[in-house]
Amino acid sequence: MGGPHLLGDADGILLGEAAAKGRGIDLASHTESGRHGHTGARRAGAIGFAALRGGTVAGEHSVILAGEQERITLSHSAENRMIFAHGAVKGAGWLIGKAPARYTMAEVLGL
């Protein structure tokens, strides 16, 4: 299966990596994703990723930290796709004068 490769879900991947690091485990070997054909209950200790897209939803992202009888949900909702266009333009401007290479969004944003 390899690591999680969910196009457009970079924030989810970063949070998954942080969760794995906090637990002292390797994300790639503990990832379970519906996009990789996994359905049903996850194995104990797995870090799950799921994506749902459809309709006119511009961007809705939730991270759910689920326990036996409770859960914590962190959510972000984009009202339209313009926010993503602004980010792309900012990234393109940052690239001016840079050598051809593969850059991360952390580099683009100066994080």
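As a starting point, this report considers the structure included with it. (Residues numbered from 1 in each chain as written. Predicted model: local features only at pLDDT ≥ 70, side-chain atom pairs only at ≥ 80, totals over all residues. Heavy atoms only, no water.)

### Let's talk about the overall build of the chain
Secondary structure summary: the chain contains 4 helices and 4 strands in total. Its helices and strands in sequence order give the chain the pattern α-α-β-β-β-β-α-α, from N to C terminus. Out of the 111 residues belonging to the chain, those deemed buried represent 17%. The contacts of the chain with a sequence gap of at least 6 include a subset with a gap of at least 24, amounting to 30%. Summing over all exposed atoms, the chain offers an accessible surface of approximately 8700 Å²; the carbon and sulfur share of this is 58%. (Helix = DSSP H or I, 4+ residues; strand = E, 2+ residues; numbered from the N terminus. Buried < 20%, exposed > 50% of the residue type's maximum accessible area, 1.4 Å probe, protein only. Contact = heavy atoms within 4.5 Å. Areas by Shrake-Rupley, 256 points an atom, 1.4 Å probe, with all protein chains shown as cover.)

### Focus: the packing of aromatic side chains
Counting across every chain of the model gives 1 aromatic pair. Arranged with centres 5.1 Å apart and planes meeting at 85°, the rings of tryptophan 94 and tyrosine 103 form a pair that is edge-to-face. We classify tryptophan 94 as partly exposed; its relative accessible area is 23%. The ring of tryptophan 94 is capped by lysine 98, whose NZ or CZ atom sits 4.4 Å from the centre of that ring. (Phe/Tyr/Trp six-rings, centres within 6.5 Å; stacked < 30°, edge-to-face > 60°. Lys NZ or Arg CZ within 6 Å of the ring centre and 35° of its normal.)

### Observations regarding the nonpolar core
Formed by Ile13, Ala20, Leu27, Ile47 and Phe49, the largest nonpolar core amounts to 5 residues. Elements with a contribution of two residues or more to this core: α1 (10–23) and β2 (47–49). (Core = buried A, V, L, I, M, F, W, Y, C linked by side-chain atoms within 4.5 Å.)

### Things to note about the side chain of threonine 31
In this fold, threonine 31 is placed in strand β1 (residues 31–33). On the accessibility criterion, threonine 31 (0% relative accessible area) is buried. In this structure the side chain of threonine 31 is engaged in a polar contact, spanning 2.7 Å, whose partner is the backbone oxygen of leucine 27. (Polar contact = N/O pair within 3.5 Å; in protein donor to acceptor, adjacent residues only side chain to side chain.)

### A word on the pattern of salt bridges
This model, assessed by the stated rule, comprises 1 salt bridge. With a shortest N-O distance of 2.5 Å, glutamate 32 and arginine 43 are connected by a salt bridge. Remark: arginine 43 occurs in the loop between β1 and β2 and glutamate 32 occurs in strand β1; sequence separation between them is 11 residues. Here glutamate 32 falls in the buried class, since its relative accessible area comes to 5%. (Salt bridge = Lys/Arg side-chain N within 4 Å of Asp/Glu carboxyl O.)

Any link to function would need more than the numbers given here.
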